[in-house]
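Listed here are the chains, written in short residue letters.
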Amino acid sequence: MAMLWKFMRVAKYSKTALSPKVKVRGIPTHSRHSSSKSVPSDFAASAPSSNTVELLGKSYPQDDYSNVTEKILSKVGKNLHNRKHHPLWLIKEQVKDHFYKHYIGRRGTPLFSVYDGLSPVVTVQQNFDSLLIPPNHVSRRKEDNYYLNRDHMLRAHTSAHQWDLIRSGLDAFLAVGDVYRRDTIDNTHYPVFHQMEGVRLFSCHELFSNVEDGEGLQLFEQGHRTAHKQECHTMEAVRLVEFNLKQVLTKLMAHLFGEGLQVRWVDCCFPFTHPSFEMEINFQGEWMEVLGCGVMEQQLVNSAGAQDKIGWAFGLGLERLAMILYDIPDIRLFWSEDERFLKQFIGPHIWQKIKFQPLSRYPPLINDISFWLPSETYCQNDFYDLVRTVGGDLIEKVVLLDEFAHPK
């Protein structure tokens, strides 16, 4: 069997090293030198050592799918989005404030309800099956997700709660929470981040009530799926839902970034919406993707018990918006306990203009590591989890420089 050899470069920095202006060997940093740490050869980063995982008061038996690490488990329950004055909390509260003030129900109360305390532990059925994600879809891979076992996992998106919330009878809601995906190591990727999910459903009367001569219009038909609609939707219904979705999101982004914001929509593909779009904004002369959205797949809506309604859904990343709005250069900063970072976001109100001020300007310590890989089941995210478990957030970036497969 051929042996695979890897050569990785690891850049380490201190928790206060956060200015993006100094570049060393192409790695933006300003970190303090840190000594390297030896790793025992029998170290296992794949899972806790016992036969069960204890999490949020429940026990989950491990099996061949279990791959969550102690480092990742330590992040569960931190709920940065609910910590007052944290930058992620500020973004969440700004979005809530916008929806509460601009969308009012018939009884004068906010139309959208908000759920920001749902458990991050979900079933595979919730995370994938309920969203019509095929069994062989690439997004289900162990290499990209954190599984407690074959049946339970840490949610990979807040969309995992769509079906349950619709099933409970909700027509309009926002779901906010921490999500978990195995990922590379750099300043824009982290295995734990925070999302907000938005869903709005319409009855036939709600959708067409303001349309002139709309009494005869219908939500559904027996037609054909095209690039612009699902087979069961009428074109009139899809156009109105799409218009409402884009109008809602355009107003939200203008509220966050300022009036006159340039917006464009890019056609894309998601398993649980069709048609689907990515929203891009022009901020400080640069086009940036900020969220994904689309008309909900009717099969999903029907299975949740809302057969007589049609709807839209969107999902956005809180870190993405916070990094743009507050000029935060590194996603790992959101996990900092340094008061010099956290105090920058304490203000009299949630809409206060804030620009992050760097804390340190020290150069990095770069380590080159080479090692043999005896197993064919290895993936790069296995190494990233190992690095995070040993080095934590001191590791700024890991780069694969070379690899070699021995012919014998």
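Read on for an overview of the structure. (Residues numbered from 1 in each chain as written. Predicted model: local features only at pLDDT ≥ 70, side-chain atom pairs only at ≥ 80, totals over all residues. Heavy atoms only, no water.)

### Some words on the overall build of the protein
Here is step 1: Tallying secondary structure elements over the protein gives 10 helices and 16 strands in all.
Here is step 2: The buried share among the 408 residues of the protein stands at 50%.
Here is step 3: For the protein, the proportion of contacts with a sequence separation of at least 24, taken over those separated by at least 6, is 67%.
Here is step 4: About 19,900 Å² of surface is accessible on the protein, with carbon and sulfur atoms providing 50% of the total. (Helix = DSSP H or I, 4+ residues; strand = E, 2+ residues; numbered from the N terminus. Buried < 20%, exposed > 50% of the residue type's maximum accessible area, 1.4 Å probe, protein only. Contact = heavy atoms within 4.5 Å. Areas by Shrake-Rupley, 256 points an atom, 1.4 Å probe, with all protein chains shown as cover.)

### Concerning the sheet that holds strand 9 (residues 172–180)
Here is step 1: What the 7 strands build is an open sheet, ordered 6-9-10-14-13-12-11; its pairing is mixed. Looking at strand neighbours, the two that pair on one side only are strand 6 (113–115) and strand 11 (262–270), the edges of this open sheet. The sheet shows a mean angle of 25° between the axes of neighbouring strands, direction not considered.
Here is step 2: Its contacts with the sheet put helix 8 (residues 318–326) on strand 9, strand 10 (192–202), strand 12 (273–283), strand 13 (286–296) and strand 14 (310–317), and the angle it makes with strand 14 is roughly 55°. (Pairing = 2+ DSSP bridges. Axes fitted to C-alpha atoms, helices over the stretch in contact; angles between N-to-C directions.)

### Some thoughts on the pattern of salt bridges
Here is step 1: Overall, the coordinates contain 21 salt bridges when judged by the stated rule.
Here is step 2: Notably, a salt bridge pairs Asp64 with Arg150, separated by 2.9 Å at the nearest N-O pair. Of this pair, Asp64 sits in the loop between strand 5 (58–61) and helix 1 (70–73) while Arg150 sits in the loop between helix 3 (124–127) and strand 8 (152–154), placing them 86 residues apart in sequence.
Here is step 3: Exposure remark for Arg150: the relative accessible area of 45% places this residue in the partly exposed category.
Here is step 4: The salt bridge partner of Glu280 is Arg264, with a shortest N-O separation of 2.5 Å. With Glu280 in strand 12 and Arg264 in strand 11, this residue pair connects regions lying 16 residues apart in the sequence.
Here is step 5: On the basis of relative accessibility, which here comes to 14%, the residue Glu280 falls in the buried class.
Here is step 6: Each of Lys92, Glu93, Lys96 and Asp116 takes part in salt bridges that share partners, so that together they form one network. (Salt bridge = Lys/Arg side-chain N within 4 Å of Asp/Glu carboxyl O.)

### Quick word on empty space enclosed by the protein
Here is step 1: Scanning all chains against the criterion turns up 1 cavity of 30 Å³ or more.
Here is step 2: Its boundaries defined by the atoms lining it, the largest cavity holds a volume of some 30 Å³.
Here is step 3: Lining the largest cavity are Ile185, Tyr190, Arg332, Arg388, Gly392, Asp393 and Ile395.
Here is step 4: A per-class count over the lining of the largest cavity returns 3 nonpolar, 1 polar and 3 charged. (1 Å grid on protein atoms, 1.4 Å probe; cavity = no way out; pocket = protein on both sides within 12 Å on 5 of 7 lines; lining within 4 Å. Points joined across faces, edges and corners; volume = space filled by probe spheres on them. Nonpolar A, V, L, I, M, F, W, Y, C, P; charged D, E, K, R; others polar.)

### Brief notes about the packing of helix 2 (residues 87–102) against helix 8
Here is step 1: Interaxial distance between helix 2 and helix 8 falls to 9 Å at its minimum, and their mutual angle equals 100°. Judged by the angle between their axes, helix 2 and helix 8 are roughly perpendicular. Contact with helix 2, carried on its side by Pro87, Leu88, Leu90, Ile91, Lys92 and Gln94, involves Leu318, Glu319, Leu321, Ala322, Leu325 and Tyr326 of helix 8 and no other residues of that element. (Parallel < 35°, antiparallel > 145°, perpendicular 65-115°, else oblique.)

### Considering the pairing of strand 4 (residues 52–55)
Here is step 1: Taking every second residue as pointing to the same face, the buried face of strand 4 carries Val53 and Leu55, while none of Thr52 and Glu54 on the other face is buried.
Here is step 2: Note that strand 4 and strand 5 share 4 bridges and pair antiparallel. Bridging across to strand 5, Glu54 finds its partner in Ser59.
Here is step 3: Hairpin geometry of strand 4 and strand 5 is characterised by an intervening segment of 2 residues between the two adjacent antiparallel strands and by a positive phi of about 50° at Leu56.

### Structural notes on the packing of helix 6 (residues 235–257) against helix 8
Geometrically, a packed helix pair is captured by the angle between its two axes and the distance between the axes.
Here is step 1: In contact at an axis separation of 11 Å, helix 6 and helix 8 are set at 40° when each is read in the N-to-C sense. Here helix 6 is positioned oblique relative to helix 8, judged by the angle of their axes. For the pair helix 6 and helix 8, contact is made by Met253, Leu256 and Phe257 and by Leu321, Ile324 and Leu325, respectively.
Here is step 2: Classifying every residue of the contact of helix 6 with helix 8 by side-chain character gives 6 nonpolar, no polar and no charged.

### A short note on the pairing of strand 10
Here is step 1: Strand 10 sits mainly inside the fold: 11 of its 11 residues count as buried.
Here is step 2: Residues Val192, His194, Met196, Gly198, Arg200 and Phe202 point to one face of strand 10 and Phe193, Gln195, Glu197, Val199 and Leu201 to the other, with burial holding for every one of them.
Here is step 3: In this structure, strand 9 lies alongside strand 10, joined through 9 bridges in antiparallel fashion. Residue Asp178 lies in a different strand from strand 10, and its bridge partner there is His194.
Here is step 4: As judged from the 8 bridges shared by strand 10 and strand 14, these two strands associate in the antiparallel manner.

### Observations regarding the packing of aromatic side chains
Here is step 1: The tally for this structure, following the rule as stated, stands at 13 aromatic pairs.
Here is step 2: An aromatic cluster is defined as three or more aromatic residues linked by ring pairs; in this entry it consists of Phe99, Tyr103, Phe112, Trp312 and Phe314.
Here is step 3: Sitting above the plane of the Phe277 ring, Lys246 keeps its charged end 4.1 Å from the centroid.
Here is step 4: Arg388 extends its terminal NZ or CZ atom over the ring of Tyr190, reaching a point 5.6 Å from the ring centre. (Phe/Tyr/Trp six-rings, centres within 6.5 Å; stacked < 30°, edge-to-face > 60°. Lys NZ or Arg CZ within 6 Å of the ring centre and 35° of its normal.)

These figures capture arrangement, not role.
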